[in-house]
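Summary of the model geometry
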Amino acid sequence: MRKTLLLPAAAVAAGVVGLLVRWLYLKNGFEVGTGLPVSGAPTMWAMLLVSVAAVVVLALLCRGKHRKFDQCYTGAFLPRGMLWTAGALAGAVLLVVGGFLALAAWVSSPLDEYGQRTMSVSWLLLGVLALLAGAGIYLIQQKMRRGLPILTGWTAMPGFACCLWIMANYYTYWAAEPSLGKYGIPMLAVALSLLACLEMGALAFGKVGTGVVLFLCLAGAAFDLMALADGLPLADTALYLGMAFYLLATAGALADNDARADAPPPCAAHCAQCAGCAPMGTVQVPEKKKKGKSARS
């Protein structure tokens, strides 16, 4: 139980320290007129040191032997306490808020001389996928707690949203920045969040280790918190906070299930009856079809 709480707490501590150091770096590490980085600025080296230290410490904490959760998504990520459930639902709400704000930003953007929105259409798609990601997190939490089938598509929605998130920010902000220091941490935060979301599904297929998923979730959450120092638009702020809550809650639930001395939680009861379905056990054989098979046999 102690390590279950230690891992998310370490990620939060790394994120808060990184946020403060990055705020100082953005304030003192760039020239006022040109926006170019100040050569040899102490805050730049401090930012690099904190980033590397956060990655190393989280990687070391996630080392060691871990339980395997092959063939069962629910067994790995079922929250055993209200803390992880509340964290995941808070992340879902914030992703929905970020989705609405992204849609509102695209709709309210001015038109150019050809009648096209000046803001990239990727913000429109990001808003839709962020809404679906928030809904998917909520539905997955409800299904897992009730032992019901989980649709595989819902588990992938946060990862798809991260893909559009990278595109939207690149076209609107990052491509115009002259220095990587201005957008390196936000870009890394979204990339780590994307990898974490992808590897969550891969864990149930036996394609990745439990320790790797824990590390990516914790690192993604830490850098999501660091990115808040950039004074981002409201849509981005809500999305970074939403992903941080979601990844921290996921890591906490996974660490809790991993640390238990008893047998891994069983997957939903229907999984053994799913002929040829995904290892997550996400497809339930209809009752009529099963009756028809038994009658022919």
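For the structure given in this document, a descriptive report is provided here. None of the values given here were measured: they were computed from a predicted structure. (Residues numbered from 1 in each chain as written. Predicted model: local features only at pLDDT ≥ 70, side-chain atom pairs only at ≥ 80, totals over all residues. Heavy atoms only, no water.)

Looking now at the overall build of the chain. For the chain, the count of helices and strands is 10 helices and zero strands. Within the chain, the proportion of its 297 residues that are buried is 47%. Of all intrachain contacts in the chain linking residues separated by at least 6 positions in sequence, the fraction that spans at least 24 positions is 77%. (Helix = DSSP H or I, 4+ residues; strand = E, 2+ residues; numbered from the N terminus. Buried < 20%, exposed > 50% of the residue type's maximum accessible area, 1.4 Å probe, protein only. Contact = heavy atoms within 4.5 Å.)

What follows is about the side chain of Ser109. With respect to the secondary-structure elements, Ser109 resides in the loop between helix H4 (82–108) and helix H5 (122–146). Given a relative accessible area of 8%, Ser109 falls into the buried group. Discounting chain neighbours no more than four positions away, the residues touching Ser109 are Arg117, Thr118 and Met119.

The next thing to look at is helix H1 (residues 2–28). An α-helical turn contains 3.6 residues, so a residue and the one three or four places further along point in the same direction. The end-to-end C-alpha separation of H1 is 39 Å, in line with the 39 Å expected for 27 residues at 1.5 Å each. All of the buried residues along H1 are Thr4, Leu7, Pro8, Ala10, Ala11, Ala14, Gly15, Gly18, Val21, Arg22 and Tyr25. (Expected span 1.5 Å × (residues − 1).)

What follows concerns the packing of aromatic side chains. Scanning the model with the defined rule gives six aromatic pairs in all. Seen in terms of ring centroids, Tyr25 and Phe30 are 5.0 Å apart; in terms of plane orientation they differ by 50°. Their pairing is tilted. Taken as a pair, Tyr25 and Phe30 share a single burial class, namely buried. Judged by centre distance (4.5 Å) and plane angle (55°), the rings of Trp165 and Tyr240 are tilted. Linking Trp165 in helix H6 (residues 152–172) with Tyr240 in helix H9 (residues 234–259), this pair joins segments that are 75 residues apart in sequence. (Phe/Tyr/Trp six-rings, centres within 6.5 Å; stacked < 30°, edge-to-face > 60°.)

Bringing the environment of Leu216 into the picture now. Along the chain, Leu216 falls in helix H8 (residues 210–227). Excluding residues that lie within four positions of it along the chain, Leu216 makes contacts with Leu192, Leu195, Ala196 and Glu199.

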